[in-house]
Amino acid sequence: MANVIKLRKGLDIHLQGKAEETKLTLKSNGRYALVPDDFEGVTPKVVVREGDTVKAGDALFVNKQYPEVRFASPVSGKVTAVERGDRRKVLCVRVEADKEQQYADFGRHDVATMDGQAVKELLLKAGLFGYINQLPYAVSANPETEPKAIFVSALRDKPLAASFDYEVKGQEQDFLTGLQALSKMAKTYVGVGTNSILVEKLQSLNTQPSTLNNIEVTIFDGPCPAGNVGVQVNHIDPVNKGEVVWTIGDPTVVLFIGRLFNTGRVNLRRTVALCGSEVKKPCYVDMLVGEELSTLLSNSYDAGHSVRIINGNVLTGRVTTKDGYLGAHSSEITVIPEGDDADEMLGWIMPRFKQFSVNRSYFSWLCGKKAYALDARVKGGERHIIMSGEYDRVLPMDIYGEYLIKAIITGDIDRQEALGIYEVSPEDFALAEFVDSSKLELQRIVREGLNILRKENA
């Protein structure tokens, strides 16, 4: 039986536009791009040139610090551009896809006969290792480290999040193979939701009990952010100074790994939720990592007023445009009102039954659990930090969130370490940022603090 951990802190935000479990067939325009910024902590070194021909699975760039960490092209085709920004920063590597796809052949492998080093070498060679992250610092994993454990979260519980249970149907064997591969490198913990089909599937597919001895399933029962891999690490086996754990907060990465071992090919196809209150027909669609969004978004929403397109979910995703590309870890493309054209009589003085408030500032709390069509407005300017305990109510971790944020802002590294900065990632503060009366960009603050700490400890 799986362990059950009940969480009481957190907040479920109910929004309009959740994707229905139907799939839209999408015909790609053939334009793809791999974006280095999707892989936190990676300094890219491009290994292709404009005009080169690549196969799906061939490397487009590597991590300059660890050149053995490669990042694979999602398609075969011609490299059309290496876009650079300020100070020659690599923004993306564009590829025009062939009509008939060709794949780099890495050979099928029986995970049961492999050791951890062989698994790691195959993931590095195929360009998939970079999809694994690590704590501390919440960056792409260092292949030279030996993690004390690997944590996989198969629970998506952020607002409008895509259902992984829906995505994994028919791909259970790939998921199990991926978990087995990870478990060869370290003890692997899998976090799932209370009603997940994965617990039953893991047990039913386990024909050889010895293969899952190094895998432990934990059920997390509670509101968002129970699905955050950092929250799960905190409750199962917290990270102390000097320790390293590898994390996979995007369970589709396990499918990528499983497909590699079962087919010998790199297949970066994922099921994405097109969602948000502005979307006409919220649904799911199969897309490749790096696929251009213009085909998906061309007729999906009313362009008559200003909207915000988010590559990912509303709490942690990045703002993008129709000309953007599907992020490496994005399981949703969300479209919500921008709010810059809103015209409200009397502003905040009105009772507001149609807007959500955590502290009952609006009368909408009388309406029970209803779905809201929220826009992207912050509704206030940045202020001094108010020590009100707001963060603690939505942060189910054994840390003092408000004090940690103050330590990061003041640059007090010793105090940051004492307050548990090695255990957190920016997404853990996404809900705290949402409820914050001070209107601080908490995720940005945490990311900057982690980056400074990583340089100091290098």
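First, a word on what this report is: a plain description of the structure on this page. Each residue is numbered by its place in its chain's sequence as written, counting from 1. The predicted origin of the model limits local features to residues at a pLDDT of at least 70 and limits the giving and counting of side-chain atom pairs to 80 or more, whereas totals for whole chains, interfaces and linings rest on all residues. The side-chain figures draw on all heavy atoms in the structure; neither hydrogens nor water molecules are used.

### Section: the overall build of the protein chain
Then comes step 1: Counting from the N terminus, the helices are DSSP H or I runs at least four residues long and the strands are E runs at least two residues long. When its secondary structure is counted, the protein chain shows twelve helices and 20 strands.
Then comes step 2: Put simply, the radius of gyration uses C-alpha atoms, and a globule should come to 2.2 Å times the residue count raised to 0.38. A globule of 458 residues ought to have a C-alpha radius of gyration of about 23 Å, and the protein chain, at 22 Å, matches this closely.
Then comes step 3: In terms of principal-axis extent, the alpha carbons of the protein chain reach across some 65 × 50 × 50 Å.
Then comes step 4: The burial tally for the protein chain puts 55% of its 458 residues in the buried class.
Then comes step 5: Long-range pairs, those at least 24 residues apart, make up 70% of the contacts in the protein chain with a sequence separation of at least 6.
Then comes step 6: Accessible surface area values rest on a Shrake-Rupley calculation with a 1.4 Å probe, where residue burial reflects the displayed protein chains alone. When the accessible surface of the protein chain is split by element, carbon and sulfur atoms take 46% of a total near 21100 Å². Using a 1.4 Å probe on the protein chains alone, a residue whose accessible area is under 20% of its type maximum counts as buried, one over 50% counts as exposed, and one in between counts as partly exposed. It only takes one pair of heavy atoms within 4.5 Å for two residues to be counted as in contact.

### Considerations on the layout of surface pockets
Then comes step 1: Here a cavity denotes grid points, spaced 1 Å and computed from the protein atoms alone, that fit a 1.4 Å probe unable to get out, and a pocket denotes an open set having protein on both sides within 12 Å along at least 5 of 7 lines; residues with an atom within 4 Å of a point are the lining. Grid points are joined across faces, edges and corners, and a volume is the space filled by probe spheres set on the points. In this structure, the second largest pocket encloses a volume near 950 Å³.
Then comes step 2: Forming the boundary of the second largest pocket are 35 residues, of which Gly41, Val42, Gln65, Val139 and Arg454 lie nearest the centre.
Then comes step 3: Contributing elements (two or more residues each) for the lining of the second largest pocket: β11 (139-140) and α12 (442-456).
Then comes step 4: The biggest single contributor to the lining of the second largest pocket is α12, with three residues.
Then comes step 5: Each residue gets one of three labels, nonpolar for Ala, Val, Leu, Ile, Met, Phe, Trp, Tyr, Cys and Pro, charged for Asp, Glu, Lys and Arg, and polar for the others, Gly among them. Here the lining of the second largest pocket is composed, by residue class, of 13 nonpolar, eleven polar and eleven charged.

### With respect to a nonpolar patch on the surface
Then comes step 1: Nonpolar side chains (Val, Leu, Ile, Met, Phe, Trp, Tyr) within 5 Å and like charges within 9 Å form the patches, drawn only from residues with over 30% relative accessible area and no salt bridge. When a carboxyl oxygen of Asp or Glu lies within 4 Å of a side-chain nitrogen of Lys or Arg, that pair is called a salt bridge. On the surface, Met387, Tyr400 and Tyr403 cluster together into a nonpolar patch covering about 340 Å² of accessible area.
Then comes step 2: As for its placement among the helices and strands, tyrosine 400 is situated in the loop between α8 (390-394) and α9 (401-410).
Then comes step 3: Relative accessible area serves as the criterion here: at 56%, tyrosine 400 is assigned to the exposed category.

### Some details on the side chain of serine 294
Then comes step 1: The residue serine 294 is located in helix α7 (residues 294-297) in this model.
Then comes step 2: The class for serine 294 is buried, based on a relative accessible area of 17%.
Then comes step 3: In contact with serine 294, not counting residues within four places along its chain, are Asn29, Arg31 and Lys322.

### Examining the sheet that holds strand β20 (residues 332-337)
Then comes step 1: What the six strands build is an open sheet, ordered β2-β17-β16-β20-β18-β19; its pairing is mixed. The open sheet has two edge strands, β2 (23-24) and β19 (318-320), and neither has a second partner. Paired strands, in this sense, are two strands between which DSSP finds at least two bridges.

### Concerning the packing of aromatic side chains
Then comes step 1: The aromatic pairing rule takes the rings of Phe, Tyr and Trp, using the six-membered ring of Trp, and pairs them if the centres are within 6.5 Å, calling planes under 30 degrees apart stacked, those over 60 edge-to-face and the rest tilted. On inspection of all chains with the given rule, the structure shows eleven aromatic pairs.
Then comes step 2: Residues phenylalanine 164 and phenylalanine 175 carry aromatic rings whose centres are separated by 5.4 Å and whose planes lie at 55 degrees to one another, so their mutual orientation is tilted. Taken as a pair, phenylalanine 164 in helix α2 (residues 164-168) and phenylalanine 175 in helix α3 (residues 172-185) lie far apart in primary sequence, eleven residues in all.
Then comes step 3: Owing to a relative accessible area of 2%, phenylalanine 164 belongs among the buried residues under this scheme.
Then comes step 4: Relative accessible area serves as the criterion here: at 2%, phenylalanine 175 is assigned to the buried category.
Then comes step 5: Judged by centre distance (6.2 Å) and plane angle (90 degrees), the rings of tyrosine 400 and tyrosine 403 are edge-to-face.
Then comes step 6: Counting every residue linked through ring pairs, the aromatic cluster contains Phe39, Phe61, Phe71, Tyr131 and Phe256.

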